[in-house]
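Letter by letter, the chains look like this.
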2 protein chains.
Amino acid sequence: MNKKKHRIILVEDSADLGYLLSEYLSMKNFEINWFINGISALKNLESNKYDLAILDITMPDMDGFSLAEQMKERFPELPFLFLSARSLKVDVLKGFYLGAVDYLKKPIDEEELVIRIENLLNRLNSEKRVEEDICHFKLGQFTFNSLNQELSFNDEIFHLTTKESELLHYLVLRQNMLCSHKDILIKLWGNNDYFNKKSLNVFITRLRKYLEKDSAISLDNVHSQGFILRIEK
Amino acid sequence: MNKKKHRIILVEDSADLGYLLSEYLSMKNFEINWFINGISALKNLESNKYDLAILDITMPDMDGFSLAEQMKERFPELPFLFLSARSLKVDVLKGFYLGAVDYLKKPIDEEELVIRIENLLNRLNSEKRVEEDICHFKLGQFTFNSLNQELSFNDEIFHLTTKESELLHYLVLRQNMLCSHKDILIKLWGNNDYFNKKSLNVFITRLRKYLEKDSAISLDNVHSQGFILRIEK
DNA sequence: AAGTCTATTAACTTTTCATTAAACATTATT
DNA sequence: AATAATGTTTAATGAAAAGTTAATAGACTT
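Here the structure is a predicted model, which means the values were calculated and not measured.

### A look at the sheet that holds strand S3 (residues 52-55) of chain A
All names here are of chain A. If you walk across this open sheet you meet the five strands as S2-S1-S3-S4-S5, and the pairing is parallel. Across the chains shown, the open sheet's two edge strands, defined by having one partner strand only, are strand S2 (30-35) and strand S5 (102-105). Here the strands of the sheet are splayed against their neighbours by 20° on average, with no regard to which way each runs. Sheet topology places strand S1 (residues 6-11) next to S2; six bridges connect them, and they run parallel. Directly across from Ile 8, in S2, lies its bridge partner Ile 32. Across the sheet, helix H1 (residues 15-27) is in contact with S1, S2, S3 and strand S4 (80-84); its angle to S2 comes to roughly 165°. Its contacts with the sheet put helix H4 (residues 89-97) on S4 and S5, and the angle it makes with S5 is roughly 150°.

The following block contains the structure:
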């Protein structure tokens, strides 16, 4: 699954630096929109969503501080950081006072900028992350919740053990495909020795016992190859 | 309501700077514990909860990077930042790579340090608060007020202890979902060691005792995984 | 200083579950 | 057809995990 690009809005009046950063951050897989003044940036924000704003401070018309104030007022969800040559203590303090997530002093090393941004976005994102991994399956007449390790058939709920659930999960993801002993054992047991193969058979039997309630499902052996979870459609 | 002091653990081998920072941050209304090496800091973390760790890098015995690695492993909820005289790009990158929330170069202006810390903690907190704001629940036939730590069943009111309430709150927010030992322990105890797991079991038993009055509620164990608070609908 | 409240630790019992064993069945090879 | 290899199923085992109750120790109150 390919990760969604993070969107960054950059407000920087210097053509050189603006171009440089746009190019570099694009290369680093960010989607970046660059504006050379606050007015146009604010305009754009009305119809676009970003994950982060990077603001220069010294700019004609509207400086970065005023821009930040307006952004905070109108788009309070958007985190922003300052990137400025002004390194006086008073400026840094003002930046943070306004609620910046960081204050970086020019000249900034591009790699450091990227890793700071990545860290920042990861942290902001991870809070939002809900366990929406693939864990909920429809399996013929069954429902399988691999997170809770529950297999349901109508009203009945079977509480699977961890290994049962892991195995079923593995097979479901590869339904109607041959899964070799070797791959299963390596993935779920960490190696593929003789005794674990015996163990695998025991678990196959157990899963069959659950699944036999639905005749459209079968868990078949392919001699000396592996198993296939077949589901008729 | 008066704001709870934020707790900071400082690991810094220089007596001068350690003392200076301890004093200054205390004055700024932080509760700060200062350790002169990683070993003693790790030891202390086992039984104390902090909101932030500030780590020096150049230290005898265990350097700040190794310390950070171990902290990340054992106390993954604790955010940390580096405060170091090592300003080489490679060090900064390594610091962020390890997951630091910031990397500050000595000499650091105390005011800037404080405002950076305050901003950081504010952000970290506001992200957490989202779920902590919800404090009033209907739970089968029970009502649960996590703010007052009260669990009510008809006219009966059970006054829960802090830990009981925290645990129930955690589980209620994730009802009908498997909550792993690890996540519970890290969130509520700050780490996940053997003895806290024992402690968790004791609290599970207590909660069950309250909840058994409503047969539509069950607090089930999933062997070697965690617990599920199930509420029939 | 005594008393209360509460989290942790201890001591002990019960349950769970992956593995192993064993008996039997099927498929492949000679 | 005989033998070997592989697969199926049920049951036994033992170690780890979970449950329960009680004791302990530390913080806070009075």
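### With respect to the protein's contact with DNA strand D
Around DNA strand D, a shell composed of 23 residues is seen, among which Arg 208, Lys 209 and Ser 224 of chain A together with Arg 208 and Ser 224 of chain B lie nearest. The contact atoms of DNA strand D, taken as those within 4 Å of the protein, divide so that sugar and phosphate hold 86%. Measuring from a phosphate oxygen of DNA strand D, one finds a side-chain N or O atom of Arg 208 of chain A at 2.8 Å. The side chain of Lys 209 of chain B places a nitrogen or oxygen atom 3.3 Å from a phosphate oxygen of DNA strand D. Residue assignment for the surface near DNA strand D shows that the elements contributing at least two residues are helix H8 (194-211) of chain A together with helix H8 (194-211) and strand S11 (217-222) of chain B. The class makeup of the residues in the surface near DNA strand D is five nonpolar, twelve polar and six charged.

What counts and how
- Residues numbered from 1 in each chain as written.
- Chains lettered and ligands numbered in written order.
- Predicted model: local features only at pLDDT ≥ 70, side-chain atom pairs only at ≥ 80, totals over all residues.
- Heavy atoms only, no water.
- Pairing = 2+ DSSP bridges.
- Helix = DSSP H or I, 4+ residues; strand = E, 2+ residues; numbered from the N terminus.
- Axes fitted to C-alpha atoms, helices over the stretch in contact; angles between N-to-C directions.
- Contact = heavy atoms within 4.5 Å.
- Near = heavy atom within 4 Å.
- Polar contact = N/O pair within 3.5 Å; in protein donor to acceptor, adjacent residues only side chain to side chain.
- Nonpolar A, V, L, I, M, F, W, Y, C, P; charged D, E, K, R; others polar.

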